[in-house]
Amino acid sequence: MKISVVGAGGNVGASALLTLAQRDFAQELVAIDLEVRRDDRTFNPAKGRALDQWQTAPLHLFDTRVRGSTDYAATRDSDICIITAGVPRRPGMSRDDLLSTNAEIVRPVAEKLAHYSPQTILIVVSNPLDAMTYVAYRASGLPAERVMGMAGLLDTARFRAFLAEELEVSPKDIQAQILGGHGDTMVPLPRYTTVAGIPVTQLMSKEKLDAIIERTKFGGGEFVGIMGTSAWYAPGAAAAQMAEAIALDQNRVFPCAAWLTGQYGVQDLFVGVPVKLGKGGIKQILELELDAAEKALLEASAQDVRRSFEDLGRLMQF
């Protein structure tokens, strides 16, 4: 089992890399990133991250070999590739700016990964998530079941953490589902959220639950307000958990951005839905029964994602 992480010189990629190493199910991890110039010197962040993490193996007790490189040839024959490359949205940057900038980064990354590993599975973490997953899908030429976006698992982790804090229960006992695009139009589903099998709606007031849902929707922005940058530990861990489910053929049911061809009434979009992950990638898209209000929210979220795709078509000639 070989897994490559592109953008591993950054915080999200490095977090995914270390989580994977500590899980100790892969034989080899490859960290890929660009060289950087600073003070008239050239540095190799991916190689440095990999070396540092490999030196934790005797401390964290793992055998997975961690290597770093700037050469995509090092990713050859990867079973899974995680793409975290891209830039965060900066002050003064429009939505179109972010779309076009990160699309120009993700497209050649996906092309190179598919070239060296034509049987690989792509997990996309770069933002805007749903749109960048589409870029990777088109650029790689891989079948839809082998291209997915990491968003729903992160969003449900945030939702579950907030609920655990409010209810003073273990987050291990909370299960949840979130549909739709990654962002403020996501659709948390209280009807499908439980604490040890007990519907969460029986354990807290609607007002408190609604407040937690709103906090979840804007979870990424909360970090920007606190730290001036985006989160990295939870996104990295979520991507690593998806990779583990695929690598070990666990048939885990996770929400992730998947290519829909009519499911939930959505056609030809990457939208967050529950899927079964295992050998080969997405084995099955699970369709939940939604009430009228949930359907309306999902439709609105899908339309927001579609606008991003239309912008990509205009900007990238897809």
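The preceding data block contains the structure.
Here's what I pulled together on the structure shown here.

Criteria and thresholds
Sequence order sets the numbering: in each chain, residues are counted from 1 along the sequence as written. Thresholds applied to this predicted model are a pLDDT of at least 70 for local features of residues and 80 or more for the giving and counting of side-chain atom pairs; totals over whole chains, interfaces and linings are not thresholded and use all residues. Neither water nor hydrogens contribute to the side-chain values; these are computed over all heavy atoms in the structure. Helix and strand definitions here come from DSSP, where helices need a minimum of 4 consecutive H or I residues and strands a minimum of 2 consecutive E residues; each element is numbered from the N-terminal end. Radius of gyration: over C-alpha atoms. The globule rule applied is 2.2 Å multiplied by the number of residues raised to the 0.38 power. Burial here depends on accessible area, computed with a 1.4 Å probe over protein chains only, as a share of the maximum for the residue type. Under 20% is buried, over 50% is exposed, and the range in between is partly exposed. Contact criterion: two residues are considered in contact whenever any of their non-hydrogen atoms come within 4.5 Å of each other. By this rule the span expected of a helix is its residue count minus one, scaled by 1.5 Å. Any two strands with at least two DSSP bridges between them are considered paired. Here a cavity denotes a set of grid points, spaced 1 Å apart and computed over the protein atoms alone, in which a 1.4 Å probe fits but from which it cannot get out, and a pocket denotes an open set meeting protein on both sides within 12 Å along at least five of seven lines; residues with an atom within 4 Å of a point are reported as lining. Grid points are joined across faces, edges and corners, and a volume is the space filled by probe spheres set on the points. Here the nonpolar group is Ala, Val, Leu, Ile, Met, Phe, Trp, Tyr, Cys and Pro; Asp, Glu, Lys and Arg are the charged ones; every other residue, Gly included, is treated as polar. Put simply, a disulfide is two cysteine sulfurs that come within 2.5 Å.

Helix and strand content of the chain: 10 helices and 16 strands. In terms of overall size, the chain behaves like a compact globule, its C-alpha atoms giving a radius of gyration of 19 Å where 318 residues would be expected to give roughly 20 Å. Across its three principal axes, the chain shows a C-alpha extent of roughly 55 × 50 × 40 Å. Across the 318 residues in the chain, those meeting the buried criterion constitute 48%.

Now for unusual backbone geometry. Note the cis peptide between Asn127 and Pro128, where omega equals -5 degrees. Phi at Asp77 is positive, roughly 65 degrees, even though this residue is not glycine. Tracing the chain through its elements places Asp77 in the loop between β5 (65-69) and β6 (80-83). Residue class for Asp77 comes out exposed when judged on its relative accessible area of 56%.

The next thing to look at is the side chain of Thr75. By the secondary structure assignment, Thr75 is in the loop between β5 and β6. In contact with Thr75, other than residues within four places in its own chain, are Lys2, Ser4, Val30, Ile32, Leu113, Tyr116 and Ser117.

Quick look at helix α9 (residues 233-247) now. The end-to-end C-alpha distance of α9, which contains 15 residues, comes to 21 Å, matching closely the 21 Å that a straight helix rising 1.5 Å per residue would cover. Trailing α9 by a residue or two, Asp249 shows a phi angle of about 50 degrees, which is positive.

Moving on, we come to the sheet that holds strand β12 (residues 194-195). The 3 strands are arranged β9-β12-β13 in an open sheet whose pairing can be described as antiparallel. Each edge of the open sheet carries a strand with a single partner, namely β9 (174-175) and β13 (198-199). In this sheet, β12 lies alongside β9 in antiparallel orientation, the contact comprising 2 bridges. The residue of β12 that forms the bridge with Ile174 is Val195.

With that out of the way, let us pick up the layout of surface pockets. Within this model, the second largest pocket holds a volume of roughly 340 Å³. Around the second largest pocket sit 16 residues that line it, and Leu153, Thr156, Arg160, Gln241 and Phe254 are the ones nearest its centre. Elements supplying a minimum of two residues to the lining of the second largest pocket: α6 (152-167), α9 and β14 (252-261). In the lining of the second largest pocket, the residues fall into 9 nonpolar, 4 polar and 3 charged.

This brings us to the side chain of Thr216. Along the chain, Thr216 turns up in helix α7 (residues 206-217). Residue classification places Thr216 among the buried positions, given a relative accessible area of 0%. Not counting the four nearest positions on each side in its chain, Thr216 is found in contact with Asp155, Phe159, Phe162, Ile178 and Met186.

Attention now moves to the state of the cysteines. Summed over all chains, the structure comprises 0 disulfides. No disulfide involves Cys256; its nearest neighbouring cysteine sulfur is the one of Cys81, lying 16 Å away. On the accessibility criterion, Cys256 (0% relative accessible area) is buried.

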